[in-house]
Amino acid sequence: MYRLSGVSKRYRRGKQTIDALDGIDLTIDQGDKLVVQGPTGGGKSTLLQMLGGLDKPTAGSVELDGTDLAKLSEARLTKVRASTIGFVFQSWNLIPTLNARENVEAALVPLGVRAKERRRRAAGALESVGLGERLTHLPSELSGGQQQRVAIARAIVKEPKVLLADEPTGNLDEDMRDEIMAVLESLWRERGLTFVMVTHDSSIARKAPRLAVIRKGHIKVSENTRA
Ligand SMILES: Nc1ncnc2c1ncn2[C@@H]1O[C@H](COP(=O)(O)OP(=O)(O)OP(=O)(O)O)[C@@H](O)[C@H]1O
């Protein structure tokens, strides 16, 4: 489903250039889980931005189901992101004045889903992450782990094909980390999502069926048949 060919991303800052990605070739099949690791500054977040169409490569192509995201107009890209790709970040970025259900509903507004249907689907998504009893709580009335669950519900309510997670457990203590990982794992399995996750957590990486290590913009992928 994803096919990256010769993907490079060069940032310029004054006279300095940084090759955040340097000629990446990578294929990710539909329904695959890929865990991405590597030293700080290696290019992990940049790769995720390319997969999510949040930024465009300097060179190369990022095909998602045969469409090169690098060639799409901003307007088309926005549509692809809104309908096909769910994002979960380390900081959950919930809107503080909206309750859990309203935060999740917000993801359906750009898709033109009617209010009643939005409410129904948002409640369903929150139930699927174990927050069915917290629909009207504000973010400030939820724990960190619960807020991250709301963010996950917001990412999956549109029923995306792809889920991209950048350090989704980075702000959580160990117990909550395990809980959030269990939620993501079961969503991946149940929904047949293509799931790409950046993490510093080696225990997660050890269990990954496919592991990509990015160092200085270069990628090395290994399969773990025992995972
Ligand atoms: N907008 C930008 N402008 C200039 N340089 C950037 C920009 N974004 C990233 N970089 C540089 O590109 C390189 C890769 O950054 P990236 O954020 O992808 O690394 P990372 O592997 O995700 O690191 P971390 O684990 O610290 O989050 C780094 O050297 C970084 O300083």
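Remember, predicted model here, so these are calculated numbers, not experimental data. Here the residue numbers are simple positions, counted from 1 along each chain's written sequence. With pLDDT at 70 or above as the cut-off, local features in this predicted model cover only qualifying residues; side-chain atom pairs require 80 or more to be listed or tallied, and sums for whole chains, interfaces and linings still use all residues.

Considerations on the site of the ligand
- Any residue whose C-beta atom, as placed from the backbone, lies within 6 Å of a molecule or strand is termed near it. Around the ligand, the neighbouring residues are Tyr11, Arg13, Ile18, Ala20, Gly38, Thr40, Gly41, Gly42, Gly43, Lys44, Ser45 and Thr46.
- Secondary structure elements follow DSSP: runs of H or I of four or more residues count as helices, runs of E of two or more count as strands, with numbering from the N terminus. When residues of the shell around the ligand are traced back to their parent elements, those giving at least two are β1 (2–13), β2 (16–28) and α1 (44–51).
- Ranked by the residues each element gives to the shell around the ligand, the list is headed by α1, at three residues.

Considering the nonpolar core
- Residues Val36, Val104, Ile152, Ala153, Leu164 and Val196 are the most contacted members of the largest nonpolar core, which totals 60 residues.
- With six residues, the top contributor of residues to this core is helix α5 (residues 144–156).
- Throughout, a pair of residues is in contact if the C-beta atoms placed from their backbones lie within 7 Å. The contact partners of isoleucine 152, leaving out residues within four places of it in the chain, are Val88, Val129, Val183 and Leu184. A set of buried Ala, Val, Leu, Ile, Met, Phe, Trp, Tyr and Cys residues, joined through C-beta atoms within 7 Å, is what we mean by a nonpolar core. Counting other C-beta atoms within 10 Å of its own, a residue is labelled buried from 20 upward, exposed at 12 or fewer, and partly exposed in the gap between, with every C-beta atom placed from the backbone.

Here we look at the sheet that holds strand β10 (residues 218–223)
- Two strands form a pair only when DSSP identifies at least two bridges running between them. With mixed pairing, six strands are arranged side by side in an open sheet as β6-β7-β8-β3-β9-β10. Strands at the two margins of the open sheet, each flanked by one partner only, are β6 (85–88) and β10. Averaged over all neighbouring strand pairs, the angle between strand axes comes to 20°, with direction disregarded.
- Pairing geometry for strand β3 (residues 33–37) and strand β9 (residues 210–215), over three bridges, is parallel. Looking across to β9, one finds that glutamine 37 is bridged to valine 213.
- This element, α5, spans β6 and β7 (162–166) of the sheet and lies at about 170° to β6. Lines fitted to C-alpha atoms define the axes here, with helix axes fitted over just the stretch in contact, and angles between the N-to-C directions of these axes take values from 0 to 180 degrees.

A few points about the environment of leucine 4
- Mapped onto the elements, leucine 4 comes out in strand β1.
- Overall, the presence of 23 C-beta atoms within 10 Å leaves leucine 4 in the buried class.
- Sequence separation of leucine 4 and arginine 121 is 117 residues, and the distance between their C-alpha atoms is 33 Å.
- In contact with leucine 4, other than residues within four places in its own chain, are Ile24, Asp25, Leu26, Gly60 and Val62.

Quick look at the environment of glycine 217
- In this structure, glycine 217 sits in the loop between β9 and β10.
- For glycine 217 and arginine 101, which are 116 residues apart along the polypeptide, the C-alpha to C-alpha distance reads 39 Å.
- Once you skip the residues sitting within four places of it in the chain, glycine 217 turns out to touch Asp19, Ala20, Leu21, Asp22 and Gly43.

So, α5
- Over its 13 residues, α5 extends 19 Å from the first C-alpha to the last, a length consistent with the 18 Å expected when each residue adds 1.5 Å.
- Of all the 13 residues making up α5, eleven are buried; the element is thus mostly covered by neighbouring parts of the structure.
- Buried within α5 we find Gln146, Gln147, Gln148, Arg149, Val150, Ala151, Ile152, Ala153, Arg154, Ala155 and Ile156.
- At its buried positions, α5 is contacted by β6, α3 (100–105), α4 (115–128), β7 and α6 (174–191). A helix's residues, less one, multiplied by 1.5 Å, set its expected span.

Structural notes on the sheet that holds β1
- The strand order across the open sheet built from four strands is β2-β1-β4-β5, with neighbouring strands paired in antiparallel fashion. Since the sheet does not close on itself, it has two edges, and those belong to β2 and β5 (67–68), each with one partner.

Description of α1
- Buried residues dominate α1, accounting for seven of its eight residues.
- Every buried residue of α1 is accounted for by Lys44, Thr46, Leu47, Leu48, Gln49, Met50 and Leu51.
- At the C-terminal side of α1, glycine 53 shows a positive phi close to 65°.

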